Amino acid sequence: MPGAFVLVATPIGNLEDMTLRGVRSLREADLIAAEDTRHTGKLLTHFGITTPTISLHEHNERSRIPELLDRVRRGQRVAVV
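Nothing here was measured: the structure is a model prediction, and the numbers come from that model. (Residues numbered from 1 in each chain as written. Predicted model: local features only at pLDDT ≥ 70, side-chain atom pairs only at ≥ 80, totals over all residues. Heavy atoms only, no water.)

Which residues make up the sheet that holds strand E1 (residues 4–7), and what values do they have?
One open sheet accounts for four strands, arranged E1-E4-E2-E3; its pairing is parallel. At either margin of the open sheet sits one strand with a lone partner, and together these are E1 and strand E3 (53–55). For this sheet, the mean inter-axis angle between neighbouring strands, taken without regard to orientation, is 25°. Examined bridge by bridge, strand E2 (residues 31–34) and strand E4 (residues 77–80) share three bridges and lie parallel to one another. Across the sheet, the residue bridging to alanine 33 is valine 80, located in E4. (Pairing = 2+ DSSP bridges. Helix = DSSP H or I, 4+ residues; strand = E, 2+ residues; numbered from the N terminus. Axes fitted to C-alpha atoms, helices over the stretch in contact; angles between N-to-C directions.)

See below:
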């Protein structure tokens, strides 16, 4: 299966606003890249998702993007929230 970047919209306030498709995408991902892993961690815990997370924000994107692209090239699915 080819790798992919998957963009997943997450709720700003109420966790119940998360879509089923979004939850499935996060569960099926090999890695989740998030601006704030603490906030994303709360969402993941709420839905019982154990996918590993990594930070991705304006201060580290230049170093993270090549790493994430390499993962996709190797066939992994990377979800970006």
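Please give an account of the side chain of threonine 51 that cites residues and values.
Relative to the assigned elements, threonine 51 resides in the loop between helix H2 (37–46) and E3. Within the structure, threonine 51 has its side chain in polar contact with the backbone oxygen of leucine 26 (distance 2.8 Å). When sequence neighbours within four positions are dropped, the list of residues in contact with threonine 51 reads Leu26, Arg27, Ala29, Asp30, Leu31, Ile32 and Leu44. (Polar contact = N/O pair within 3.5 Å; in protein donor to acceptor, adjacent residues only side chain to side chain. Contact = heavy atoms within 4.5 Å.)

Quick rundown of the pattern of salt bridges? Include the residues and the values.
Close approach of charged atoms allows side chains with opposite charge to pair. Summed over the entire model, instances satisfying the criterion amount to five salt bridges. Where arginine 38 meets aspartate 36, a salt bridge forms, and the shortest distance between an N and an O atom there is 3.3 Å. A salt bridge links arginine 64 to glutamate 67, with the nearest nitrogen and oxygen atoms 3.6 Å apart. Of this pair, arginine 64 and glutamate 67 both sit in helix H3 (residues 61–73), three residues apart, which is roughly one turn of that helix. Residue classification places arginine 64 among the partly exposed residues on the basis of a relative accessible area of 22%. One network of salt bridges, in which partners are shared, links Arg64, Glu67 and Arg71. (Salt bridge = Lys/Arg side-chain N within 4 Å of Asp/Glu carboxyl O. Buried < 20%, exposed > 50% of the residue type's maximum accessible area, 1.4 Å probe, protein only.)

Break down the pairing of E2 for me, citing the residues and quoting the values.
Residues Leu31 and Ala33 point to one face of E2 and Ile32 and Ala34 to the other, with burial holding for every one of them. Here E2 runs beside E3; their pairing, made up of three bridges, is parallel. Considered in E3, the bridge of isoleucine 32 is made with threonine 53. A crossover connection joins E2 to the parallel E3 through H2; in handedness this β-α-β unit is right-handed. (Right-handed = clockwise from strand over helix to strand, strands pointing away.)

That's the geometry; what it means functionally is another story.
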